[in-house]
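For reference, the chains in residue letters:
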Amino acid sequence: MKKILFMITNMNIGGVEKSLLSLLSVIPKDKYDITLLLLEKRGALLEYIPDWVKIEEANWFEKVKPIMMQPPQKTIKSYLRNKMYAKTHSFLSAYLISKHFDCRYSYYKHILKEVPVNLNQYDIAISYQGPTDVIDYYIANKVIARKKISWVHFDVSHHYMNKRLHERIYKKFDKILIVSEEAKKRLIEKIPGIRSKSSVFQNIIEIDSIKEMSKKKVDFDSDFEGIKIVTVGRLAKEKGQDLAINVLYKLRKEGYLVKWYCIGEGKQRKEYEYLIDKYNLKHDFILLGSRTNPYPFIAKSDIYVQTSRHEGFCLTLAEAKCLCKPIVTTNFIGAFEQIEDGITGFIVGCSEEELFERVKFLIDNKKVRDNLSENLSKNQVNQKLLNFSKI
């Protein structure tokens, strides 16, 4: 039985975490001994981890987290206040070297130097939430494994990535998996040296499970007789819910009977609540918060809209496809790998105007919505059991 280690930050509700759950669901438990190592053992999705998976917490992270999160000046002042002069000198040296060469490798080496090597020996160790500096560094330098994999879920052209740090770290990985062709292209543009060890592995989607979960009864404005639009995603600028609010404002101005429901939570909530109040949409644009099971809402919607400004592989878009919803999505990385424009959905530019025109078109044309749903229903293929020998 092969021993495999997955490492991730936590199990909060998010696309990466949900994709991990889907991946674990198709791993044959009689063939693999799986350990999930969390930087912090928390999150609403913890309870959905299969009971045969061993869950561990990186107990060293609590000690180093403040140093990583706070400004270096604060760390230096703390060391000086406690007369830890040797630590002050070594920390300052590591920080200045990292700053000078624009390479955070020596900085992480210093911060994690007292973190013990993981003495368990694995066949495969996977940094699942790549590129994440501390997790990638830990897997590269503190884990013993025959094969090491970094699994990249983000479009690195839109996420900060210390290039020189990852150039050094990736030399210690045997394989770099990326969730879409376009995301792979952007990563190789940034770090050309990984081309030979990079390949695409799209997120696992459990179609049958999603359909079953979508049948759960929820209170979803059953008395409302207009068009229901759903968007799922963290409340953040990159997810583009501000575009959705502006689009709904235009639709309501033109007299359309529409409600827009947004599932997700995040730091932009107050800003979006301000916009909602500004446009007098309090009863029309509904922030539903985080839901471990968003599928009943998607299933009961008339249109699913993905407003993201950028993605690696958009899991929520793939889930809406499973439920055969008429889809409008912005043209972030990977959108064209999931949607056949005009056949299984519509792909538009990431602009308020284009979103408005296409959503309005779908509202006006029920036959087109029905055709999109029918085409999606014909293009579904369930995932097979995962064979790690192929990656």
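In this report, the structure presented in the accompanying data block is examined. Because the structure is predicted, anything quoted here is derived from the model rather than measured. (Residues numbered from 1 in each chain as written. Predicted model: local features only at pLDDT ≥ 70, side-chain atom pairs only at ≥ 80, totals over all residues. Heavy atoms only, no water.)

Points about the overall build of the protein chain
Put simply, the test is: Note on conventions: DSSP H or I runs of at least 4 residues are helices, E runs of at least 2 residues are strands, and numbering of each starts at the N terminus. Atoms considered for the radius of gyration are the C-alpha atoms alone. The globule rule reads 2.2 Å times the number of residues to the power 0.38. By definition in these notes, contact holds between two residues if any of their heavy atoms fall within 4.5 Å. Only the protein chains shown count as covering a residue, and every accessible area follows the Shrake-Rupley method with a 1.4 Å probe. Only four residue types enter the tally: Lys and Arg on the positive side, Asp and Glu on the negative side, with His and both chain ends excluded. Every charge is mapped to an atom, namely NZ of Lys, CZ of Arg, CG of Asp or CD of Glu.
For the protein chain, the count of helices and strands is 16 helices and 13 strands. In terms of C-alpha radius of gyration, the protein chain reaches 23 Å, essentially the compact-globule figure of 21 Å for 391 residues. C-alpha atoms of the protein chain, sized along the principal axes, occupy 70 × 50 × 40 Å. Long-range pairs, those at least 24 residues apart, make up 70% of the contacts in the protein chain with a sequence separation of at least 6. Per element, the accessible surface of the protein chain, about 18,700 Å² overall, is 49% carbon and sulfur. Side chains of the protein chain carry 65 positive and 48 negative charges; the gap between the two charge centres is 7 Å.

Describing a nonpolar patch on the surface
This is how it is decided: Patches were defined on residues exceeding 30% relative accessible area and lacking a salt bridge, with like-charge contacts within 9 Å and nonpolar side-chain contacts (Val, Leu, Ile, Met, Phe, Trp, Tyr) within 5 Å. Salt bridges are defined as contacts in which a side-chain nitrogen from Lys or Arg sits within 4 Å of a carboxyl oxygen from Asp or Glu. To sort residues, take the accessible area from a 1.4 Å probe on protein chains only and compare it with the maximum for the residue type: under 20% means buried, over 50% means exposed, and anything in between is partly exposed.
Among the surface-exposed residues, V117, L119 and I144 lie close enough to one another that they form a single nonpolar patch of about 280 Å² accessible area. As for its placement among the helices and strands, V117 is situated in the loop between helix 5 (105-111) and strand 4 (118-130). Given the relative accessible area of 40%, V117 is considered partly exposed.

Here we look at the packing of helix 10 (residues 241-253) against helix 15 (residues 352-364)
Threshold: Every axis in this analysis is a line fitted to C-alpha atoms, fitted for helices over the stretch in contact. Angles between the N-to-C directions lie between 0 and 180 degrees. Angle categories: roughly parallel below 35 degrees, roughly antiparallel above 145, roughly perpendicular from 65 to 115, and oblique for all the rest. Each crossing gets its hand from how the near helix is turned against the far one by less than a right angle, where anticlockwise is left-handed and clockwise is right-handed. Just so you know the grouping, Ala, Val, Leu, Ile, Met, Phe, Trp, Tyr, Cys and Pro go in nonpolar, Asp, Glu, Lys and Arg go in charged, and all remaining residues, Gly too, go in polar.
In the contact formed by helix 10 and helix 15, the axes pass within 9 Å of each other and the chain directions differ by 55°. When the axis of helix 10 is compared with that of helix 15, the two are oblique. In this structure, the crossing between helix 10 and helix 15 has a hand that is right-handed. Contacts between helix 10 and helix 15 pair L243, N246, V247, K250 and L251 from the former with E352, E353, L355, F356, V359, K360 and I363 from the latter. Classifying every residue of the contact of helix 10 with helix 15 gives seven nonpolar, one polar and four charged.

Considering the nonpolar core
Cut-off, in case you're wondering: The set of buried Ala, Val, Leu, Ile, Met, Phe, Trp, Tyr and Cys residues whose side-chain atoms join them within 4.5 Å is what this entry labels a nonpolar core.
One finds F6, M11, L20, L36 and Y128 to be the most contacted residues of the largest nonpolar core, which totals 56 residues. With residues up to four places along the chain from it excluded, the contact list for L20 reads F6, I8, M11, L36 and Y128. With 44 residues, the next largest nonpolar core counts Y79, I135, Y137 and I194 among its residues.

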